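# Summary of the model geometry
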Amino acid sequence: MAEKETKWYCLRVVSNKERKIKERIEFEIDRNDWRGIIPQIVVPTEKVYKIRNGKKVIQDRTLTPGYIFVEATVLDSGRSALDGDKIQSITTLKDVIHFLGNKRPIPMREDEVKRILSKVDNSEETGESLAEPFIVGEEVKVIEGPFHNFLGTIQDVNEEKKKLTVIIKVFGRGTEVELNFMQVEKQS
């Protein structure tokens, strides 16, 4: 059997509830046996980490807050299998606002879909990145090591090695120190 053609649709939802809404939609799809019509729902995320109290905390961050992407098959006539019943069923779920195009969802362009899905694929391959990146000139406090509790200014950031070059004042003179991301915290 040949693989059916599909199109992607953008669903507007309440921000920060994307994962929960995805679960509700998938429950609705399974309950109504629509898996052949709506093969997948995607909430594009990337892994990021923050440093809290000297510990690395990994989180998933939504790339498109307030939006979920729905893949639906295309009928032989060229129309979407995402018809009135399915649209009504999905958009009446809690915290769902509407499809882009409201009652007649507009399919996303191929280039938009590829760009978004490639970002998701890239973030899975490259691992996590820092949620709030360090910036040259920013002031940080050393929280670990021989310079514990010293304040310094970032001179260089090496994202690949996860290291910073920080200028710390020792006896009134600026001293260049190389520290890893886990040894410092941002000053607010």
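Whatever comes next refers back to the structure up there.
Below or above, wherever it landed, is the structure these notes cover. Worth saying up front: this structure is predicted, and the values here are computed from it rather than measured.

### Thoughts on helix α1 (residues 18-31)
Compared with the 20 Å implied by 1.5 Å per residue over 14 residues, the 20 Å span of α1 between its first and last C-alpha is a close match. Taken together, the buried positions of α1 are occupied by Glu18, Ile21, Ile25, Glu28 and Ile29. Viewed end-on, α1 has its buried residues packed into an arc of 100°, placing them on one side of the element. In α1, the exposed positions angled more than 90 degrees off the buried face are occupied by Phe27 and Arg31. Looking at the buried positions of α1, the neighbouring elements they touch are β1 (6-13), β2 (40-42), β4 (55-62), β5 (67-73), α2 (84-91) and β6 (96-99).

### Brief notes about the environment of Thr62
Residue placement: Thr62 occurs in strand β4. For Thr62, a relative accessible area of 16% corresponds to the buried category. Remark: the alpha-carbon pair of Thr62 and Val43, spanning 19 residues in sequence, is separated by 7.1 Å. Residues within four places of Thr62 in sequence aside, it is in contact with Glu18, Arg19, Val43, Pro44 and Thr45.

### So, empty space enclosed by the protein
Enumeration according to the criterion identifies 1 cavity of 30 Å³ or more in this entry. Taken as a whole, the largest cavity encloses approximately 40 Å³ of empty space. Around the largest cavity, the lining residues are Trp8, Phe69, Met108, Val113, Ile116 and Leu117. No other element matches the 3 residues that helix α3 (residues 110-126) contributes to the lining of the largest cavity. Of the residues that constitute the lining of the largest cavity, the class distribution is 6 nonpolar, no polar and no charged.

### Re the sheet that holds strand β12 (residues 184-186)
What the 5 strands build is an open sheet, ordered β11-β10-β9-β8-β12; its pairing is antiparallel. A strand with exactly one partner marks an edge of an open sheet, and here the two such strands are β11 (173-180) and β12. Put simply, the sheet's adjacent strands are angled 40° from each other on average, direction ignored. The sheet contact formed by strand β9 (residues 151-158) and strand β10 (residues 163-170) spans 6 bridges and is antiparallel. Paired with Asn158 across the two strands is Lys163, which belongs to β10.

Definitions and cut-offs
Residues numbered from 1 in each chain as written. Predicted model: local features only at pLDDT ≥ 70, side-chain atom pairs only at ≥ 80, totals over all residues. Heavy atoms only, no water. Helix = DSSP H or I, 4+ residues; strand = E, 2+ residues; numbered from the N terminus. Expected span 1.5 Å × (residues − 1). Buried < 20%, exposed > 50% of the residue type's maximum accessible area, 1.4 Å probe, protein only. Arc of directions from axis to C-beta. Contact = heavy atoms within 4.5 Å. 1 Å grid on protein atoms, 1.4 Å probe; cavity = no way out; pocket = protein on both sides within 12 Å on 5 of 7 lines; lining within 4 Å. Points joined across faces, edges and corners; volume = space filled by probe spheres on them. Nonpolar A, V, L, I, M, F, W, Y, C, P; charged D, E, K, R; others polar. Pairing = 2+ DSSP bridges. Axes fitted to C-alpha atoms, helices over the stretch in contact; angles between N-to-C directions.

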